Amino acid sequence: VQLQASGGGLVQAGDSLRLSCAASGGTFSNYHMGWFRQAPGKEREFVAAISWSGGYIYYADSVKGRFTISRDNTKNTVYLQMNSLKPEDTAVYYCAADSSIGRLKIATAVGYWGQGTQVTVSS
């Protein structure tokens, strides 16, 4: 499956952004989907994951209550709504897909990656 992320940009602290990730080349509803991020000089870290049906959702503690992951299986797209953004949210955000939601929480185990979209939050 191929993944194309979009929606990043430069915003101020407290603003909102919505990232999108469009999937192609596979049966989207067969995959659990997730978002990771990587800041300069840091390892790629888990942000959020959603099961194929949307029935199970997981968040990193650092984004819980501010970010919302969702998916539309009719559009083959997963979203990450980011509210109350902070400068420490600045990173390249990557969408990810895997047939195992357990692997989807571990950067080194993920099966498929999108190309990343830059999010910069100024203070």
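What you see is a predicted model, and the numbers here were worked out from it, not measured in a lab.

Definitions and cut-offs
- Residues numbered from 1 in each chain as written.
- Predicted model: local features only at pLDDT ≥ 70, side-chain atom pairs only at ≥ 80, totals over all residues.
- Heavy atoms only, no water.
- Salt bridge = Lys/Arg side-chain N within 4 Å of Asp/Glu carboxyl O.
- Helix = DSSP H or I, 4+ residues; strand = E, 2+ residues; numbered from the N terminus.
- Buried < 20%, exposed > 50% of the residue type's maximum accessible area, 1.4 Å probe, protein only.
- Pairing = 2+ DSSP bridges.
- Axes fitted to C-alpha atoms, helices over the stretch in contact; angles between N-to-C directions.
- Phe/Tyr/Trp six-rings, centres within 6.5 Å; stacked < 30°, edge-to-face > 60°.
- Lys NZ or Arg CZ within 6 Å of the ring centre and 35° of its normal.
- Core = buried A, V, L, I, M, F, W, Y, C linked by side-chain atoms within 4.5 Å.
- Contact = heavy atoms within 4.5 Å.

Colleague: What's the story with the pattern of salt bridges in this structure? I'm lost.
Modeller: Opposite charge on two side chains lets them pair, provided their charged atoms get close. Considering all chains together, one arrives at 5 salt bridges under this definition. The salt bridge partner of Arg-66 is Asp-89, with a shortest N-O separation of 2.7 Å. Of this pair, Arg-66 sits in the loop between strand S6 (57-59) and strand S7 (67-72) while Asp-89 sits in the loop between strand S8 (77-82) and strand S9 (91-98); the two residues are 23 residues apart in sequence, bridging distant segments of the chain. Asp-89 shares its class with Arg-66; the two are buried.

Colleague: What exactly am I supposed to notice about the sheet that holds strand S1 (residues 2-6) here?
Modeller: Two pairing modes exist for strands in a sheet, parallel and antiparallel, and in both the strands are linked by backbone hydrogen bonds. Ordered by their spatial adjacency, 4 strands build an open sheet running S1-S3-S8-S7, and the pairing between neighbours is antiparallel. The outermost strands of the open sheet, each flanked by one partner alone, are S1 and S7. On average, each strand axis in the sheet is inclined to that of its neighbour by 15 degrees, with strand direction left out of account. Summarising the sheet, S1 and strand S3 (residues 17-24) pair through 5 bridges and their orientation is antiparallel.

Colleague: What is the right way to look at the packing of aromatic side chains in this model?
Modeller: Both the distance between ring centres and the angle between the ring planes are used here to describe each pair of aromatic rings. The full count for this structure, using the stated rule, is 4 aromatic pairs. Between Tyr-31 and Tyr-112, the aromatic rings sit 5.7 Å apart at their centres with planes inclined by 85 degrees, giving edge-to-face as the arrangement. With Tyr-31 in the loop between S3 and strand S4 (32-38) and Tyr-112 in strand S10 (residues 112-113), this pair connects stretches of sequence that are 81 residues apart. Ring geometry for Tyr-94 against Trp-113: centres 6.2 Å apart, planes inclined by 80 degrees, an arrangement best described as edge-to-face. Taken together, the residues span a long stretch of sequence, with Tyr-94 in strand S9 and Trp-113 in strand S10 at a distance of 19 residues. The structure contains a cluster of three or more aromatic residues connected by ring pairs, namely Phe-36, Phe-46, Tyr-94 and Trp-113. Arg-44 extends its terminal NZ or CZ atom over the ring of Tyr-94, reaching a point 3.6 Å from the ring centre.

Colleague: Looking at this model, I keep getting lost on the nonpolar core. Mind explaining?
Modeller: When a protein is soluble and globular, its nonpolar side chains tend to lie buried together. With 36 residues, the main nonpolar core has Met-33, Trp-35, Leu-80, Met-82 and Tyr-93 as its most contacted residues. Elements that contribute at least two residues to this core include exactly S1, S3, S4, strand S5 (45-50), S7, S8, S9 and strand S11 (117-122). If we skip the residues at most four places from it in the chain, Leu-80 touches Leu-17, Arg-18, Leu-19, Trp-35, Val-47, Ala-48, Phe-67, Thr-68, Ile-69 and Tyr-93.

Colleague: Which parts of the structure should I look at to understand unusual backbone geometry?
Modeller: Trans is the common state for peptide bonds, and a negative phi is the common state for residues other than glycine. Backbone geometry places Asn-76, a non-glycine residue, at a positive phi of 55 degrees. Mapped onto the fold, Asn-76 is located in the loop between S7 and S8. A positive phi is found at Ser-84, a non-glycine position, where the angle reads about 50 degrees. With respect to the helices, strands and loops of the structure, Ser-84 is situated in the loop between S8 and S9. Residue Ser-84 is classed as partly exposed on the basis of its relative accessible area of 41%.

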